[in-house]
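Next come the chains, spelled out residue by residue.
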Amino acid sequence: MKHYQHKKRFKLWMLLGAIVIGSISSLYTNHLVSELKLEEKKKVELWAEATRQLVEPGTNDGTIGLTLEVLKNNTTVPVIIVDQNDSILQHRNLKASVRESNRYLQQQLHQMKSTGKNIVIDLGDGEKQYLYYRTSTLLTKLQWFPILQLLIVSIFVFIAYVGFSNARKTEQNQVWVGMAKETAHQLGTPISSLYGWIELLALRNPQTEGIDEVKKDIQRLQNIADRFSKIGSTPILKHISINNIIEQSIRYLKLRTSDKVEYVLNLTEDTNVKVNAILMEWVFENLIKNAIDAIKGQGTIIISTIKTGNKVTIDITDNGKGIVKSNFKTVFEPGYTTKQRGWGLGLTLTKRIVEEYHKGKIIVKESEPGKKTVFRIIL
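Criteria and thresholds
Each chain carries its own residue numbering, running from 1 in the written order of its sequence. The predicted origin of the model limits local features to residues at a pLDDT of at least 70 and limits the giving and counting of side-chain atom pairs to 80 or more, whereas totals for whole chains, interfaces and linings rest on all residues. Side-chain metrics rest on all non-hydrogen atoms present in the structure, leaving aside hydrogens and water. For two strands to pair, DSSP has to find at least two bridges joining them. Each helix is a run of H or I in the DSSP string that is no shorter than four residues. Each strand is a run of E no shorter than two, and both are numbered from the N terminus. Convention adopted: a line fitted to C-alpha atoms gives each axis, helices being fitted over their contacting stretch, and angles between N-to-C directions are expressed from 0 to 180 degrees. Whether two residues touch is decided by their heavy atoms; if any such pair falls within 4.5 Å, the residues are in contact. Multiply 1.5 Å by the residue count of a helix minus one, and that product is the helix's expected span. Note on classification: 1.4 Å probe, protein chains only; a residue is buried when its accessible area is under 20% of the maximum for its type, exposed when over 50%, partly exposed between these limits. What the arc describes is the spread of directions from the helix axis to the C-beta atoms. The salt bridge criterion pairs a side-chain nitrogen of Lys or Arg with a carboxyl oxygen of Asp or Glu, the two atoms within 4 Å.

With that settled, consider the sheet that holds strand 10 (residues 361-368). In space, the five strands of this open sheet follow the order 6-8-9-11-10, with mixed pairing throughout. What marks the edges here is a single partner per strand, and that holds for strand 6 (261-266) and strand 10. In this sheet, neighbouring strand axes are inclined to one another by 15 degrees on average, regardless of whether the strands run parallel or antiparallel. Across the sheet, helix 8 (residues 346-357) is in contact with strand 10 and strand 11 (372-378); its angle to strand 10 comes to roughly 135 degrees.

What follows is about helix 3 (residues 101-115). In this model, helix 3 (15 residues) spans 21 Å end to end at C-alpha, consistent with the 21 Å of a helix rising 1.5 Å per residue. Within the span of helix 3, buried status applies to Leu 105, Gln 108, Leu 109 and Met 112. Taken down its axis, helix 3 places every buried residue within 105 degrees of arc, on the same side. Exposed and facing more than 90 degrees away from the buried side of helix 3 are Arg 103, His 110 and Ser 114. In this structure, the buried side of helix 3 is in contact with strand 1 (79-82), strand 2 (88-92) and strand 4 (127-133).

Our next topic: the pattern of salt bridges. A pair can form between side chains of opposite charge whenever their charged atoms are brought close. Evaluation of the coordinates by the stated rule reveals seven salt bridges. Among the ionic pairs, Arg 256 bridges to Asp 217, the shortest N-O distance being 2.7 Å. With Arg 256 in the loop between helix 6 (242-254) and strand 6 and Asp 217 in helix 5 (residues 211-230), the pair connects residues that are 39 residues apart, well separated along the chain. A relative accessible area of 32% means that Arg 256 is categorised as partly exposed. For Asp 217, a relative accessible area of 31% translates into the label partly exposed. Two residues, Glu 366 and Lys 372, come together in a salt bridge whose shortest N-O distance is 3.3 Å. We classify Glu 366 as partly exposed; its relative accessible area is 26%. Within this structure, Lys 365, Glu 366 and Lys 372 form a network of salt bridges that share partners.

From the geometry alone we can't say anything about function, so treat these as descriptive.
Pasting the structure below:
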């Protein structure tokens, strides 16, 4: 439980770190953009003044060279100069083809007017010209740089995360398969020995009470070994009555749980589902045992089935301690348990059997702490 709480906190801190880095990058870039905007405004004002001096009568020949140098040095900021009738007199740093020049320039002038960036050039005698400008392409690119930077970093982190997760999942699958098959192998010898001993006891003392139940438990152990041996292998699926599997699981568990546990079956019309009976019994046993733990051996467990089209929905409801919403997905993770000591694998195996082997779906449909929990399986 603590492991997954730490994992959630780590993800949260990672998200907050990314937000802080992105915010700092954006603020710094915006600061640079603001300074560059001021510099561009000064450059445009200087360009406007140079234009005014160039057309002003009586301009000193000694200053013409400097004025022309100022006009020539604007190579980044797009500008358009118009007269009082909005006729375009000059433009600079605009890309216009010969064929579409006038239309293009009018569009650019309209866009520049909409931004409100303009400088009035007073030529004297009531004659004025208007210089319109907009932010340079370089400055526009710089404004978008933090977003582009974050996007590239996010894509890289996402690809790295997916790759790492897939590699980890593959490694976990190999461990799962290895442990499951080794468990089945280790169980094989004592189960065979128990079969022999129980038959010997039955021959010597045929009236001994409980021999039949012990045989059932040994058969159950054999089924458990079979279940583990099927992990990692493609199971054989057959059309089997889902109601029969549920009832069989209940019959087995009912004899081995407290009388204070009430089982309620709300099963609709019998439906054949393509499943592996041994593995599906394991699913129901895991979920029902989980419910028994939740109600602490005293309460009600309701199993309901609903047929909709070509799908069957099975709900397993208990009135136990419940699950907080933030743990609805975490409960299926390997090792998750609410017990002080232990390592939860039942729900992880259940999810693997339902979703990977039977292509179904299992979720925590709803839960209220202290009231109830509903696990839903769709096959």
